[in-house]
Amino acid sequence: MQPNHVAPMLAAALAVVALPAGARKPDPGEAAFRALYKQLVEINTTLSVGSCTEAAKAMQARLVAGGIPAADTEVLVPPQRPKDGNLVATIKGSDAVAKPMILLAHLDVVEAKREDWARDPFTLVEEDGWFYARGVSDDKAMAAVFTDSLIRYHKEGFKPRRDIRLLLTCGEETSDTFDGVEWLIKEHPELTRAAFALNEGAGGELDDHGKPVALQVQAGEKVYQDFRLEVTDKGGHSSRPTKKNPIYALGAALGRIGAYQFPISLNDATRGYFRAQLELAPQAVAEDIKAVLASPPDAAAADRLWTINPAWNSMLRTTCVATMVDAGHAPNALPQRAGANVNCRILPGVPLEAVKNTLARLVDDADITVTAVGEPSPVGNAPNLSAAIMDPVRKVADAIWPGVAIVPTMATGATDGRFLNAAGTPTYGLSGMFHDAEGSHAHGLDERIRVKSLLDGRRFLYEVVKLYATAKD
């Protein structure tokens, strides 16, 4: 996934409003959690040589050893993909009519080469208050916390009103090859139907002194779609140029696409995000944010915000950008072909065909084809940030991080939430795990997470899930 952070440029302003975080109470179960986390992190789950099935079975064994009936756990493995297993486990609720809630996390991780890392990427290292290894943040932190929480609930005799269903899945990082959530929706749809799901996609922002200042709640994410632009010609000798040249035609079309801005469109999450920024941003920036929140939004103010932070522009509108070009076949020949990849990140609820039609209009050249690349991603609307979702977040956050700002957000990258949202299960990103401006290095070298952030996130998720699980619809 692609992490979503409050703008780093606000660090100084955020530091001013930050309040001290609540002290973390000693937890006698922390040692067991650390052991579970270490085991999970050190199981290689890359697509190339790893095995999600091994990780799923290891977490299943932890659950059963913790007292959860084996009959309430299952590792589901696609017949043609023996290493891509997915774990399903349930704490049963008291109300058979109440829809379950889903705790979703992915077991697979991005590839990592030992020679590139300062430390072995598949050995958990604790150093200077940080954990390092591939997956310590994305997404084995939440996978470990959710597994640990189910064990704790069972040992305490906690009886939720609704079922708590754990889904630890495979393939989120390489969904074009295989995606466990997509597979479960097709093959075991009853397991993915729920009142809502909690997932990765949001964390929290620390100020320069390591104090939590903004806790994110992610609702909705943009849809990824590549489009191929291509134009062909008969070519010829470069000494005899013609008026029709695929490179020039393609270049002109890309220029028109580059100059175009899709309209601003806000949803619950992005409107809430920018309203929260009014309290956190410097005054000059706040004035531009107000102008963007106005009806109609101020395009000039949006352009200034784009200059400050490209992520803000991405939250305001659908974006399409040229990312790759290829053309010609010889330096002394007229090109017979020119092509480009245009990568679009589409707002929730916007049909892919509408974006394709906009690109075709901008291209404005009958000789240039515009074709969607690959299997289209599912399109779903952004879920609502109701009081039923936000009130438990505020209650638990106030107990752990008094005064922290609650900031709704929308992911401009992609997670497995896109499949559940499109299938009708509202999915929210919520972890309670805070990062500094440098972030977690997810997908990059020396991935990391603060030890305190992980343990605070463990407490936060454990408590907020309890509130959700006992709430009335």
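Residues numbered from 1 in each chain as written. Predicted model: local features only at pLDDT ≥ 70, side-chain atom pairs only at ≥ 80, totals over all residues. Heavy atoms only, no water.

Asker: Sorry if this is basic, but what is going on with the overall build of the protein chain here?
Answerer: A count of helical and extended segments in the protein chain gives 14 helices and 19 strands. For the protein chain, the C-alpha radius of gyration of 24 Å lies close to 23 Å, the compact-globule estimate for 473 residues. Structurally, the protein chain occupies a C-alpha span of about 80 × 55 × 50 Å along its principal axes. When the 473 residues of the protein chain are sorted by exposure, 55% land in the buried category. (Helix = DSSP H or I, 4+ residues; strand = E, 2+ residues; numbered from the N terminus. Rg over C-alpha atoms; globule rule 2.2 N^0.38 Å. Buried < 20%, exposed > 50% of the residue type's maximum accessible area, 1.4 Å probe, protein only.)

Asker: How do you make sense of the nonpolar core when you look at a structure like this?
Answerer: Side chains of a nonpolar character, in soluble globular proteins, are inclined to be buried together. One finds Y37, I164, L198 and F460 to be the most contacted residues of the largest nonpolar core, which totals 106 residues. Element by element, the count of residues in this core is highest for helix 14 (residues 451–470), at ten residues. Apart from residues no more than four positions distant in its own chain, Y37 is found in contact with L124, F131, V136, K140, A141, A144, I449 and L454. Core analysis: the next-biggest nonpolar cluster, separate from the first, contains 22 residues, I257, V355, L359 and L362 among them. (Core = buried A, V, L, I, M, F, W, Y, C linked by side-chain atoms within 4.5 Å. Contact = heavy atoms within 4.5 Å.)

Asker: Is there a simple way to explain the packing of aromatic side chains in this structure?
Answerer: Given two aromatic rings, one states the distance between the centres and the angle between the planes to describe the pair. The tally for this structure, following the rule as stated, stands at eleven aromatic pairs. A ring pair is formed by Y273 and F274, whose centres lie 5.2 Å apart and whose planes are at 90°; its orientation type is edge-to-face. Since its relative accessible area comes to 2%, Y273 is described here as buried. The rings of F33, Y37 and F131 are connected pair by pair, giving a single aromatic cluster. In this arrangement the basic side chain of R119 is found over the ring face of Y132, its NZ or CZ atom lying 3.7 Å from the centre. In this structure, R448 packs its charged tip against the face of W130, placed 3.8 Å from the ring centre. (Phe/Tyr/Trp six-rings, centres within 6.5 Å; stacked < 30°, edge-to-face > 60°. Lys NZ or Arg CZ within 6 Å of the ring centre and 35° of its normal.)

Asker: Even after reading the chapter, I still don't get the sheet that holds strand 14 (residues 337–346), so can you show me in this structure?
Answerer: Within a sheet, each strand pairs with its neighbour through backbone hydrogen bonds, oriented either parallel or antiparallel. Read from one edge of the open sheet, four strands run 12-14-10-15, paired in antiparallel fashion. The open sheet has two edge strands with one neighbour each: strand 12 (319–327) and strand 15 (369–373). For this sheet the average axis-to-axis angle between neighbouring strands, irrespective of direction, equals 25°. Along the sheet, helix 11 (residues 352–363) contacts strand 10 (223–232), strand 12, strand 14 and strand 15; its crossing angle with strand 10, the most-contacted strand, is approximately 35°. (Pairing = 2+ DSSP bridges. Axes fitted to C-alpha atoms, helices over the stretch in contact; angles between N-to-C directions.)

Asker: How should I be thinking about the state of the cysteines in this particular structure?
Answerer: A covalent bond between the sulfur atoms of two cysteines is referred to as a disulfide. Using the criterion set out here, one finds two disulfides in the structure. With its sulfur 2.0 Å from that of its partner, C320 forms a disulfide with C344. Torsion about the S-S bond of the C320 and C344 cystine: about 115°, corresponding to right-handed handedness. Of this pair, C320 sits in strand 12 while C344 sits in strand 14, placing them 24 residues apart in sequence. (Disulfide = S-S within 2.5 Å.)

Asker: Which parts of the structure should I look at to understand the sheet that holds strand 4 (residues 125–127)?
Answerer: What the three strands build is an open sheet, ordered 4-5-19; its pairing is antiparallel. For this open sheet the edge positions go to strand 4 and strand 19 (448–450), each flanked by a neighbour on one side alone. Here the strands of the sheet are splayed against their neighbours by 25° on average, with no regard to which way each runs. Summarising the sheet, strand 4 and strand 5 (residues 130–132) pair through three bridges and their orientation is antiparallel. Each bridged residue has a counterpart across the sheet, and for E127 the counterpart in strand 5 is W130. Those strands touched by helix 14 are strand 4, strand 5 and strand 19, and its axis lies near 70° from that of strand 19.

Asker: Sorry if this is basic, but what is going on with helix 5 (residues 180–187) here?
Answerer: Because an α-helix completes one turn every 3.6 residues, residues spaced three or four positions apart along the sequence face the same direction. For helix 5, every residue scored as buried is listed here: G180, V181, W183 and L184. Angularly, the buried residues of helix 5 cover 160° about the axis, an arc narrow enough to put them on a single face. Structurally, helix 5 contributes buried residues whose contacts are with strand 1 (73–76), strand 2 (86–91), strand 3 (101–106), strand 6 (164–169) and helix 13 (417–423). Of the residues that open helix 5, the one with a side-chain oxygen 3.0 Å from the backbone nitrogen of V181 is D179. (Arc of directions from axis to C-beta. Polar contact = N/O pair within 3.5 Å; in protein donor to acceptor, adjacent residues only side chain to side chain.)

Asker: Just to check I follow, could you spell out the packing of helix 8 (residues 283–293) against helix 9 (residues 299–308) for this structure?
Answerer: Geometrically, a packed helix pair is captured by the angle between its two axes and the distance between the axes. The interhelical angle for the contact between helix 8 and helix 9, taken along N-to-C directions, is 130°, at an axis separation of 8 Å. One element, helix 8, and the other, helix 9, form an angle in the oblique class. Between helix 8 and helix 9 lies a crossing whose hand is left-handed. Two secondary-structure elements touch here, helix 8 through V285, D288, I289, A291 and V292 and helix 9 through A301, A302, R304, L305 and I308. Residue composition of the contact of helix 8 with helix 9, grouped by class: eight nonpolar, no polar and two charged. (Parallel < 35°, antiparallel > 145°, perpendicular 65-115°, else oblique. Left-handed = near helix turned anticlockwise from the far one by under 90°. Nonpolar A, V, L, I, M, F, W, Y, C, P; charged D, E, K, R; others polar.)

Asker: Would you mind showing me how to read the environment of G255 here?
Answerer: For G255, the location among the structural elements is in helix 6 (residues 246–259). On a C-alpha basis, the gap between G255 and A70 in space is 59 Å, while along the polypeptide they are 185 residues apart.

Asker: I would appreciate a short explanation of the pattern of salt bridges in the present structure.
Answerer: Any two side chains of opposite charge can pair, on the condition that their charged atoms come close. The tally for this structure, following the rule as stated, stands at 24 salt bridges. We note a salt bridge from D95 to R161, for which the minimum N-O separation is 3.2 Å. One end of the pair, D95, is in the loop between strand 2 and strand 3; the other, R161, is in the loop between helix 4 (140–156) and strand 6, and 66 residues separate them in sequence. Of the charged contacts in the structure, one is a salt bridge between R134 and E447, with a shortest N-O distance of 3.0 Å. With R134 in the loop between strand 5 and helix 4 and E447 in the loop between strand 18 (434–435) and strand 19, the pair connects residues that are 313 residues apart, well separated along the chain. The class of E447 is buried, set by a relative accessible area of 1%. Residues joined by salt bridges that share partners form a network here, namely R228, E230, D326 and R337. (Salt bridge = Lys/Arg side-chain N within 4 Å of Asp/Glu carboxyl O.)

Asker: So what exactly am I meant to see when it comes to unusual backbone geometry here?
Answerer: Negative phi characterises most residues that are not glycine, and trans characterises most peptide bonds. Residue D138 is joined to D139 through a cis peptide bond whose omega torsion reads 5°. Within the secondary structure layout, D139 lies in the loop between strand 5 and helix 4. Residue P296 is bonded to the preceding S295 through a cis peptide linkage, with omega at 0°. Tracing the backbone through its elements, the reader meets P296 in the loop between helix 8 and helix 9. For D364, which is not a glycine, the phi torsion comes out positive at approximately 50°. Relative to the assigned elements, D364 resides in the loop between helix 11 and strand 15. Residue classification places D364 among the exposed residues on the basis of a relative accessible area of 61%. Of note in the backbone geometry, H443 takes a positive phi value of approximately 75° without being a glycine.

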